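Results of the structural survey
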Amino acid sequence: MRQRWLPVGVLAGVLFAVNVVARLVVRFGSDTDPQTQDRLSFAMFVVIGVVLGSVAFVWGRDRPVERWSGDAAAAILAALVLTVFVGPFVSGDHPFSAGAGAFFSQVWLYAGFSTGGVLLGYLVLITLGWDHRSKSLERYAETKLNKPRRVVRR
């Protein structure tokens, strides 16, 4: 059980750490410039998408999509909850300090970039033919071709 949930927890921790680093850079680096804050937020979401695309690429190579997609979704959900409810305290705010619109905007951006990253990583994996299903179909075809032909008598 621990072997299955440890990577999920580590992934959620990495995603939350990306958010914490972005918030600390905004807090100590450019707290007054809203354009710089927007750029850093965008960069944070891009990094989250790249991390999740890489995870989908690596996990999809040796696991069926039914297994790793649930693990990735659990990690994304945990990281999203931490980012939205705990992350603002790192920068000295509270979750609804900028209003409900900013709160839900962050939720939708996080969901969009994380979903996009996972899909992009998995689509690249499928395109290369390295995903779990393609490899198992390739093994099946090889075993079928390597069997000797059966002679049928009449």
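Residue numbers here run from 1 along each chain, matching the order of that chain's written sequence. Owing to the predicted nature of the model, reporting of local features is limited to residues with pLDDT of at least 70; listing and counting of side-chain atom pairs is limited to 80 or more, with chain, interface and lining totals taken over all residues. Calculated side-chain values reflect all of the structure's heavy atoms, with hydrogen atoms and water omitted.

1. Examining the overall build of the protein chain
In plain terms, the rule: Helix and strand labels come from DSSP, where a helix needs a run of H or I of at least four residues and a strand needs a run of E of at least two; each type is numbered from the N terminus. Computation of the radius of gyration draws on C-alpha atoms alone. For the globule rule, the value is 2.2 Å times the number of residues to the power 0.38. Residue exposure (1.4 Å probe, protein chains only): buried if accessible area is under 20% of the type maximum, exposed if over 50%, otherwise partly exposed. Accessible surface is estimated by sampling points in the Shrake-Rupley manner with a 1.4 Å probe; for residues, cover comes only from the protein chains shown. Neither His nor the chain termini are counted; the positive set is Lys and Arg, and the negative set is Asp and Glu. Just so you know, the charge point we use is NZ for Lys, CZ for Arg, CG for Asp and CD for Glu.
Across its full length, the protein chain holds six helices and zero strands. In sequence order, the protein chain lays out its α and β elements as α-α-α-α-α-α. Against the compact-globule benchmark of 15 Å for 154 residues, the protein chain has a radius of gyration of 21 Å, which places it well outside the compact range. Its C-alpha atoms put the protein chain at 85 × 35 × 25 Å along the principal axes. Residues counted as buried form 29% of the 154 residues belonging to the protein chain. Within the structure as shown, the protein chain displays about 10,200 Å² of accessible surface, and the carbon and sulfur contribution to it stands at 65%. Averaging the positions of the 17 positive and the 10 negative side-chain charges in the protein chain gives two centres separated by 19 Å.

2. Description of a nonpolar patch on the surface
As a reminder of what qualifies: A patch consists of residues whose relative accessible area exceeds 30% and which take part in no salt bridge; residues with like charges are grouped when within 9 Å of each other, and nonpolar side chains (Val, Leu, Ile, Met, Phe, Trp, Tyr) when within 5 Å. What makes a salt bridge here is a side-chain nitrogen of Lys or Arg within 4 Å of a carboxyl oxygen of Asp or Glu, nothing more.
On the surface, a nonpolar cluster with roughly 510 Å² of combined accessible area is contributed by Leu77, Val81, Leu82, Phe85, Val86 and Phe96. Mapped onto the secondary structure, Val86 falls in the loop between α3 (65-85) and α4 (87-90). Among the residues examined, Val86 registers a relative accessible area of 38% and is labelled partly exposed.

3. Notes on helix α5 (residues 100-128)
Put simply, the rule is: Expected span of a helix: the number of residues minus one, times 1.5 Å. Working rule for contacts: check all heavy atoms of both residues, and any pair within 4.5 Å makes them a contact.
Look at α5: 42 Å from first C-alpha to last across 29 residues, which is about the 42 Å you get at 1.5 Å a residue. What α5 keeps buried is the set Phe103, Gln106, Val107, Tyr110, Ser114, Gly117, Val118, Gly121, Tyr122 and Leu125. On the buried face of α5, the contacting elements are α1 (2-29), α2 (34-62) and α3. Gly129 sits one or two positions beyond α5 and adopts a positive phi of about 75°.

4. Quick look at the packing of α1 against α3
The condition is simple: Only the stretch in contact is used when fitting a helix axis, every axis being a line fitted to C-alpha atoms; angles between N-to-C directions are given from 0 to 180 degrees. Note: crossing handedness is left-handed where the near helix turns anticlockwise from the far helix by less than a right angle, and right-handed where it turns clockwise. Classification used: nonpolar for Ala, Val, Leu, Ile, Met, Phe, Trp, Tyr, Cys and Pro, charged for Asp, Glu, Lys and Arg, polar for all others including Gly.
Running from N to C, α1 and α3 cross one another at 35°; their axes reach a closest spacing of 8 Å. Seen along the crossing, α1 lies across α3 with a hand that is right-handed. Contact residues: α1 offers Arg4, Trp5, Val8, Leu11, Ala12, Leu15, Phe16, Asn19 and Arg23, while α3 offers Arg67, Asp71, Ala74, Ala75, Ile76, Ala78, Ala79, Leu82 and Thr83. Split into classes, the residues belonging to the contact of α1 with α3 amount to twelve nonpolar, two polar and four charged.

5. Side note on the packing of aromatic side chains
Both the distance between ring centres and the angle between the ring planes are used here to describe each pair of aromatic rings. We apply this condition: Two rings from Phe, Tyr or Trp (for Trp, the six-membered ring) form a pair when their centres sit within 6.5 Å of each other. Planes less than 30 degrees apart are called stacked, planes more than 60 degrees apart edge-to-face, and all others tilted.
Tallied over the entire structure, the rule returns eight aromatic pairs. Geometrically, the ring pair formed by Trp68 and Tyr122 is tilted, given 5.2 Å between the ring centres and 55° between the ring planes. Taken together, the residues span a long stretch of sequence, with Trp68 in helix α3 and Tyr122 in helix α5 at a distance of 54 residues. Taken as a pair, Trp68 and Tyr122 share a single burial class, namely buried.

6. Some words on the confidence of the model for the protein chain
This is how it is decided: Confidence scores here are pLDDT values: one per residue, from the predictor, ranging 0 to 100.
Per-residue pLDDT for the protein chain has a mean of 91; in total, 99% of the residues score no lower than 70. Mean pLDDT across the secondary structure elements of the protein chain bottoms out at helix α6 (residues 132-146), with 87, and peaks at α3, with 95.

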